[in-house]
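Inside the fold
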Amino acid sequence: MKALNKDQVKLSNLIAPIVLIALAVNPYTEIQESHLEFLFMLSHYALFIGGFLLAYKLLKLPSISVLGGIFLAVLWHIPYFFALAAAFPVFRALNDATLIIGGIMAGGSLSSLNNGFKLSLLVAWMGADTVLAIILLAGWPPYSNMIYPFSPFPESQEFLTGLSMFFVMFVIFLIAIANFLRTTFKLM
């Protein structure tokens, strides 16, 4: 099995991933992420999705690679590691790099997975993020400096972070439904 799909290496397949990664990794965003929890969470999505889109059409990785991608995404959403990455530049660099790598692993392995497993992954992700968003909206301060004194985020920012997570999940859900409908009607 060849890993690189050379006929898909074209500018049109690189624009969206590069834009998403550039939106998350630039001096202005990096400074603001240290003060705005919702922006830091949105950057997590941008980095992972950027890596995912980078690899989706370009790479053919074994299906087991998706587990590495899941592990890296989950790792940086564990409150302790999230707060470390927000507070310390070394952890921020690790966070950014490994979220892109995790996205690449997940996106590159997607073609090796059957539709049922893909749907299960989408449902599991949406379920986990929904639980986390509800926790944030309810006021339990998992990422704030009330729990981790080194976290730069006060508890008051967690509500907006939960709302931003629901917004991202809604947009991705709409994209998934649109792709499903497009594929379904193509087959008819």
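Note: the structure precedes this text.
Residues numbered from 1 in each chain as written. Predicted model: local features only at pLDDT ≥ 70, side-chain atom pairs only at ≥ 80, totals over all residues. Heavy atoms only, no water.

Among the secondary structure elements, Leu160 is positioned in helix α8 (residues 158-187). Leu160 sits in the partly exposed class, given a relative accessible area of 43%. In sequence terms Leu160 and Leu137 are 23 residues apart; their C-alpha atoms lie 7.7 Å from each other. (Helix = DSSP H or I, 4+ residues; strand = E, 2+ residues; numbered from the N terminus. Buried < 20%, exposed > 50% of the residue type's maximum accessible area, 1.4 Å probe, protein only.)

Core analysis: the largest hydrophobic core is formed by 29 residues, its most contacted members being Phe40, Met41, Leu47, Phe82, Leu132, Tyr143 and Met165. Broken down by secondary-structure element, the contributors of at least two residues to this core are α1 (11-24), α3 (37-56), α4 (65-75), α5 (79-87), α6 (89-109), α7 (115-138) and α8. With sequence-adjacent residues up to four places away left out, Met165 is seen in contact with Met41, Tyr45, Asp129, Leu132, Ala133 and Leu136. (Core = buried A, V, L, I, M, F, W, Y, C linked by side-chain atoms within 4.5 Å. Contact = heavy atoms within 4.5 Å.)

Attention shifts here to the environment of Leu53. Its location among the elements puts Leu53 in helix α3. C-alpha of Leu53 to C-alpha of Phe153: the two residues are 100 residues apart in sequence and 30 Å apart in space. Excluding residues within four positions of it along the chain, Leu53 makes contact with Asn13, Ala16, Pro17 and Leu20.

Below, the discussion takes up α1. With 14 residues, α1 extends 20 Å between its outermost C-alpha atoms, agreeing within 8% with the 20 Å of an ideal straight helix rising 1.5 Å per residue. Within α1 the residues assigned to the buried category are Asn13, Pro17, Ile21 and Ala24. Each element contacted by the buried residues of α1 is listed here: α2 (27-33), α3 and α6. (Expected span 1.5 Å × (residues − 1).)

Now for the environment of Phe71. With respect to the element layout, Phe71 can be found in helix α4. Given the relative accessible area of 52%, Phe71 is considered exposed. It is 27 Å that separates the C-alpha atoms of Phe71 and Ala178, two residues lying 107 residues apart in sequence.

Counted according to the given criterion, the structure contains 13 aromatic pairs. When the centroid spacing of 5.5 Å and the interplanar angle of 80 degrees are considered together, the rings of Tyr80 and Phe81 count as edge-to-face. For Tyr80, a relative accessible area of 37% gives the class partly exposed. In this structure Phe81 comes out as partly exposed when scored by relative accessible area, which is 29%. For the ring pair Phe82 and Tyr143, a centre distance of 4.2 Å and an interplane angle of 35 degrees mean the geometry is tilted. (Phe/Tyr/Trp six-rings, centres within 6.5 Å; stacked < 30°, edge-to-face > 60°.)

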